[in-house]
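Chain by chain, the residues run as shown.
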Amino acid sequence: MAAKKACESFSKSLIEDVHKWGCMKQTGVSLKYMTEFGSNPSDRNLLLSAQFLHKELPIRIARRADELGALPYGLSEKPAVLKVRDWYIDSFRDMRNFPKIKDMNDEKEFTRMIKAIKVRHNNVVPMMALGVQELKKGMDPKIVYEDLDEIQQFLDRFYMSRIGIRMLIGQHAELHNPNPPPHVIGSIHTKMSPLEVARNASESARAICLREYGSAPEIDIYGDTGFTFPYVPTHLQLMVFELVKNSLRAVQERFMDSDKVTPPVRIIVADGIEDVAIKISDEGGGIPRRGLPKIFTYLYSTAKSPLDEHSDLGTDDRVTMAGYGYGIPISRLYAQYFGGNLQIISLEGYGTDAYLHLSRLGDSKEPLP
């Protein structure tokens, strides 16, 4: 019933247009291409970029809008998911209503619009998490949520697509910066220090741990301080922050009432020929072997969820230590987006090692779902 009501607010022709565009072929780009193209943000290149996005973004947005309306187990009808679908259809309509981009005035207007679309979608991840939570509440308690493969695969596709859409919009918008910092092309830093990003992300995670527990384990970081490579600092910041936050929570909770000295969380940055690898090790007690596959699902968290149906996602932007159940799987998608990966190895009774692999070649295209 709720799904029917939501669709009624959109015309039949718009929904048909969404379906038509959702069947079109997507075009992936690589980090290397984005860097080379963005190194000369001339009017001509900005115009070409806007014209590409004018055709590409509606295809990507339509695919997700279409899929949001056909999810299994009644997930499409949950109020939070309906709200997300509305955002996607609104954004598709905005893109389709925008006329052909012919000159720089059109390009500037188009850039303003896609920046507004990016803001509209800011809360998609917690809103989808809320939708999944609504689904879990109404399901038979005997069902093993982590086994709902169709939902897991949909969310992987959905969030990977979201990373790509936001990267393309962010990259285009940032190319308008008249005074970019040295070695920065849009959202890409051509000489990013993974050690420096890891240090900043760790300090942020530790500050949250201190706020929530009153104390926090130390963090030791090892690696070549002079090493740099081209990457998107915000992506790496998000991944390292999430992994360190999990490690800090595990160690803190394990040693909170112990007389033993709290062991530090260790971060090692290694620069290989093909990959940059970041290892995050803790002595937080590890994860049971049967629980390891669960950490990459969106339907599982060892912490109480900070979301409920009355959450005002627009006002509370504080980061909690844990709870949504999507930090680790989304971090893996960020790693995979530019050809890397995330692996977790655990010794139950001792601790956990997270291995973040980032491709330093930058020539793998986006894995388009």
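Note: the structure precedes this text.
Here is what the cut-offs are and how they apply
- Residues numbered from 1 in each chain as written.
- Predicted model: local features only at pLDDT ≥ 70, side-chain atom pairs only at ≥ 80, totals over all residues.
- Heavy atoms only, no water.
- Helix = DSSP H or I, 4+ residues; strand = E, 2+ residues; numbered from the N terminus.
- Polar contact = N/O pair within 3.5 Å; in protein donor to acceptor, adjacent residues only side chain to side chain.
- Contact = heavy atoms within 4.5 Å.
- Buried < 20%, exposed > 50% of the residue type's maximum accessible area, 1.4 Å probe, protein only.
- Core = buried A, V, L, I, M, F, W, Y, C linked by side-chain atoms within 4.5 Å.
- Pairing = 2+ DSSP bridges.
- Axes fitted to C-alpha atoms, helices over the stretch in contact; angles between N-to-C directions.
- Salt bridge = Lys/Arg side-chain N within 4 Å of Asp/Glu carboxyl O.

(A) The side chain of Glu-366, seen in detail. Relative to the helices and strands, Glu-366 resides in the segment after strand S8 (351–359). Within the structure, the side chain of Glu-366 is placed 2.9 Å from the backbone nitrogen of Val-29, a separation counted as a polar contact. Within polar-contact distance, the side chain of Glu-366 engages the side chain of Arg-60 at 2.9 Å. In this structure Glu-366 touches Thr-27, Gly-28, Val-29, Arg-60, Gly-164 and Tyr-337, once residues within four positions along its chain are discounted.

(B) Focus on unusual backbone geometry. Here Tyr-73, not a glycine, exhibits a phi torsion of approximately 60°, which is positive. Residue position: Tyr-73 is located in the loop between helix H4 (43–68) and helix H5 (79–97). One non-glycine residue, His-183, lies in positive phi territory at about 65°. Summarising the element assignment, His-183 is placed in the loop between helix H8 (149–174) and strand S1 (184–185). Assessed through its relative accessible area of 42%, His-183 is described here as partly exposed.

(C) Representation of the nonpolar core within the structure. Membership of the largest hydrophobic core comes to 105 residues, with the highest contact counts inside it found for Met-128, Leu-236 and Leu-356. The element best represented in this core is H8, accounting for 11 residues. When residues no more than four places from it in sequence are discounted, the contact partners of Leu-236 are Met-192, Pro-194, Val-197, Tyr-231, Ile-278, Leu-356 and Leu-358.

(D) Examining the pairing of strand S7 (residues 341–347) more closely. The two faces of S7 differ: Leu-342, Ile-344 and Ser-346 on one face are buried, but Asn-341, Gln-343, Ile-345 and Leu-347 on the other face are not. Sheet topology note: the S7/S8 ladder contains seven bridges and is antiparallel. Of the residues in S8, the one forming a bridge with Ile-344 is Ala-354. The turn joining S7 and S8, which pair antiparallel and follow one another in sequence, is formed by three residues; a positive phi near 95° is taken by Gly-349.

(E) Region of the structure containing the sheet that holds strand S3 (residues 219–222). Judged by pairing direction, the sheet is mixed, and its five strands sit side by side in the order S3-S5-S6-S8-S7 without closing on themselves. The open sheet has two edge strands with one neighbour each: S3 and S7. Between one strand and the next, the sheet's axes are offset by a mean angle of 15°, whatever the strand orientation. Its contacts with the sheet put helix H9 (residues 194–213) on S3, strand S5 (265–271) and strand S6 (275–282), and the angle it makes with S3 is roughly 175°. Across the sheet, helix H10 (residues 233–255) lies against S3, S5, S6, S7 and S8, angled at about 20° from S6, the strand it touches most.

(F) Main features of the pairing of S8. Sheet topology note: the S6/S8 ladder contains eight bridges and is antiparallel. Within S8, the residue paired with Ser-281 across the bridge is Asp-353.

(G) Quick peek at the sheet that holds strand S2 (residues 188–192). Reading across from one edge, S1-S2-S4 is the order of the three strands in this open sheet, with antiparallel pairing throughout. Single-partner strands in this sheet number two, and they are S1 and strand S4 (229–231). Inspection of the sheet shows S2 paired to S4 by two bridges, in the antiparallel sense. Opposite His-189, over in S4, you have Tyr-231 as the bridge partner.

(H) Looking closely at the side chain of Glu-283. Inspection of the secondary structure assignment puts Glu-283 in the loop between S6 and helix H11 (327–337). Among the polar contacts listed, one links the side chain of Glu-283 to the side chain of Arg-266, at a separation of 3.4 Å. Here Tyr-350 takes part through its side chain, which lies 3.4 Å from a polar atom of the side chain of Glu-283. With residues up to four places along the chain from it excluded, the contact list for Glu-283 reads Val-251, Arg-254, Phe-255, Pro-263, Arg-266, Tyr-350 and Gly-351.

(I) The environment of Asn-40, seen in detail. By the secondary structure assignment, Asn-40 is in the loop between helix H3 (31–38) and H4. For Asn-40, a relative accessible area of 44% puts it in the partly exposed group. Separated by 145 residues in sequence, Asn-40 and Ile-185 have C-alpha atoms that sit 8.9 Å apart.

(J) Focus on the pattern of salt bridges. Counting across every chain of the model gives 13 salt bridges. In this structure, Glu-67 and Arg-157 form a salt bridge, with 2.2 Å as the shortest nitrogen-oxygen distance. Remark: Arg-157 occurs in helix H8 and Glu-67 occurs in helix H4; sequence separation between them is 90 residues. The partner of Lys-245 in a salt bridge is Glu-242, with the nearest N and O atoms 3.2 Å apart. Of this pair, Lys-245 and Glu-242 both sit in helix H10, three residues apart, which is roughly one turn of the helix. We classify Lys-245 as buried; its relative accessible area is 4%. Under the relative-accessibility criterion, Glu-242 is labelled buried at 14%. Salt bridges here are not isolated pairs; linked through shared partners, they connect Glu-56, Arg-60 and Glu-366.

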